[in-house]
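Chain and residue survey
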Amino acid sequence: MHPECVTVAEFVPFPDRYEPPVSPEEALSTFHDAMRRRRSVREFSDKPVPREIIEWLVRCAHTAPSGANKQPWRFVCVQNPAVKQKIREAAEKEEREFYSHRANEEWLKDLAPLGTDETKEFLTVAPWLVIVFQLVQDDDGSQVYYLKESVGLASGMFLAAAQLAGLATLTHTPSPMKFLGEVLQRPDNERAFLLIPVGYSADDCRVPKKALLRKPIDDVMIVV
Ligand code: IYR
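From a predicted model like this one, the values you see are computed outputs, not experimental measurements. (Residues numbered from 1 in each chain as written. Predicted model: local features only at pLDDT ≥ 70, side-chain atom pairs only at ≥ 80, totals over all residues. Heavy atoms only, no water.)

Overview of the side chain of Glu 190
We apply this condition: We count a stretch as a helix when DSSP gives it H or I for four or more residues in a row; a strand needs E for two or more, and each element gets its number in order from the N terminus. Each residue's exposure class comes from its accessible area (1.4 Å probe, protein chains only) as a fraction of the maximum for that residue type: buried when under 20%, exposed when over 50%, partly exposed otherwise. Between N or O atoms, a polar contact is any pair within 3.5 Å; within protein, one atom must be a potential hydrogen donor and the other a potential acceptor, and residues adjacent in sequence are included only when both atoms are from side chains. Here, two residues are considered to be in contact whenever any of their heavy atoms come within 4.5 Å of each other.
Within the element layout of this structure, Glu 190 appears in strand β4 (residues 190–199). Using a relative accessible area of 5% as the deciding quantity, one classes Glu 190 as buried. Of the polar contacts made by the side chain of Glu 190, one reaches the side chain of Arg 74; its length is 2.5 Å. When residues no more than four places from it in sequence are discounted, the contact partners of Glu 190 are Arg 74, Phe 133, Gln 134 and Leu 135.

Some remarks on the nonpolar core
Selection criterion: As used in this record, nonpolar core signifies buried Ala, Val, Leu, Ile, Met, Phe, Trp, Tyr and Cys residues forming a set joined through side-chain atoms within 4.5 Å.
With 24 residues, the main nonpolar core has Leu 57, Phe 75, Phe 158, Ile 196 and Val 198 as its most contacted residues. Elements with a contribution of two residues or more to this core: α2 (51–61), β1 (73–78), β2 (128–135), α6 (147–164) and β4. Ranked by residues supplied to this core, first place goes to α6 with seven residues. Apart from the residues lying within four places of it in its own chain, the contact partners of Phe 158 are Leu 57, Val 58, Ala 61, Phe 75, Val 130, Ile 196 and Val 198. Val 41, Ile 87, Leu 170 and Phe 179 belong to the second largest nonpolar core, which has 21 residues in total.

Notes on the site of the ligand
We apply this condition: We call a residue near a molecule or strand when any one of its heavy atoms sits within 4 Å of it. Surface exposure here means Shrake-Rupley accessible area, sampled with a 1.4 Å probe, where a residue is shielded only by the protein chains that are shown. Here the nonpolar group is Ala, Val, Leu, Ile, Met, Phe, Trp, Tyr, Cys and Pro; Asp, Glu, Lys and Arg are the charged ones; every other residue, Gly included, is treated as polar.
Every residue near the ligand is listed here: Arg 42, Glu 95, Phe 98, Tyr 99, Trp 107, Leu 111, Thr 116, Asp 117, Lys 120, His 172 and Thr 173. Contact between the ligand and Glu 95: a nitrogen atom at 3.1 Å from a side-chain N or O atom of the residue. Residue Thr 173 places a main-chain N or O atom 3.4 Å away from a nitrogen atom belonging to the ligand. When the ligand sits alone it has 380 Å² of accessible area, and the protein chains cover 73% of it. Put simply, the parts of the chain that give the shell around the ligand at least two residues each are α3 (81–102) and α4 (105–111). Here the element with the most residues in the shell around the ligand is α3; it accounts for three residues. Looking at the shell around the ligand, its residues break down into four nonpolar, three polar and four charged.

Examining the packing of aromatic side chains
Defined as follows: Centre distance within 6.5 Å is the pairing criterion for rings of Phe, Tyr and Trp, where only the six-membered ring of Trp is used; planes under 30 degrees apart are then read as stacked, over 60 as edge-to-face, and the remainder as tilted. For a lysine, the NZ atom is tested; for an arginine, the CZ atom; a charge sits over a ring if that atom is within 6 Å of the ring centre and within 35 degrees of the ring normal.
In total, this model carries three aromatic pairs according to the counting rule given. With a centroid separation of 5.0 Å and an interplanar angle of 85 degrees, the aromatic rings of Phe 98 and Tyr 99 are classed as edge-to-face. For Phe 98, a relative accessible area of 8% translates into the label buried. The exposure class of Tyr 99 is buried, given its relative accessible area of 19%. Ring centres of Phe 98 and Trp 107 lie 4.8 Å apart, and the angle between their planes is 85 degrees; on these two criteria the pair is classed as edge-to-face. Connected via pairs of aromatic rings, a cluster forms that spans Phe 98, Tyr 99 and Trp 107. Stacked on the ring of Tyr 200, the Lys or Arg Lys 47 has its end atom at 4.3 Å from the ring centre.

Things to note about the state of the cysteines
As a reminder, the rule being used: The disulfide criterion is simple: two cysteine sulfur atoms within 2.5 Å.
In this structure the tally under the stated criterion is zero disulfides. Cysteine Cys 60 is unpaired, with the sulfur of Cys 77 as its nearest cysteine sulfur at 13 Å.

Structural notes on the sheet that holds strand β3 (residues 168–169)
The following threshold applies: Pairing between strands requires that DSSP locate at least two bridges from one strand to the other.
One open sheet holds the four strands; their spatial order is β1-β2-β4-β3, and the pairing between them is antiparallel. Among the strands making up the open sheet, the edge pair consists of β1 and β3. In the sheet, β2 pairs with β4 via eight bridges, with the strands oriented antiparallel. Considered in β4, the bridge of Val 132 is made with Leu 194.

Let's talk about the pattern of salt bridges
Put simply, the rule is: When a carboxyl oxygen of Asp or Glu lies within 4 Å of a side-chain nitrogen of Lys or Arg, that pair is called a salt bridge.
Scanning the model with the defined rule gives eleven salt bridges in all. A salt bridge links Arg 102 to Glu 94, with the nearest nitrogen and oxygen atoms 2.9 Å apart. Judged by relative accessible area, which is 39%, Arg 102 ranks as partly exposed. In this structure, Arg 186 and Glu 190 form a salt bridge, with 2.7 Å as the shortest nitrogen-oxygen distance. Overlapping salt bridges bring together Arg 74, Asp 139, Arg 186 and Glu 190 as one network.

Okay, structure coming up:
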């Protein structure tokens, strides 16, 4: 080991250990019932969501594990209408390219049941756009580890928290996403990872029928 790596790990007795107030089965069936009803929503209401709620979502996401506990994420939470408009215009520009020639035939065929196209009205209608950035280096210039895994875990926890709060989300990935760093004037060590519109689903919100279907559990779970 290098001589400068002699920092000794300090341990404390596990504080504040969580125990479910109900049986594991009951806790899990309650959680599952909320999660199975989550849908990716593209038709949002413009009903406002208080800033404090969005802060709770970020706090929940920020509990995620990460490589060497580097917490290599940043959540830029946009409610300013002019900034949302800028993001929409830039995203739609990329999406026009995607749908007209970037995507191959198989991709367009796979997307057909979702009914998506280059119009991204939800980017101006949803009260909040949360852009998750990954830190390719920490702010102090030090290395980060398992970046996509870490930021993916935090993003998943953000979505779960939003669902528990009765909020609708979409995992939107306009590609490429470089414009998000530019519009939001983010520093060079941040790369956009995911754009998550957050709000309430519109009263007359519709969702794709095909995406209701889950593969059977035996297709996704192998017990050895
Ligand atoms: N980014 C495009 C296309 C798109 C791609 C996938 I993979 C999706 O699951 C959904 C959409 C768009 O947002 O329309």
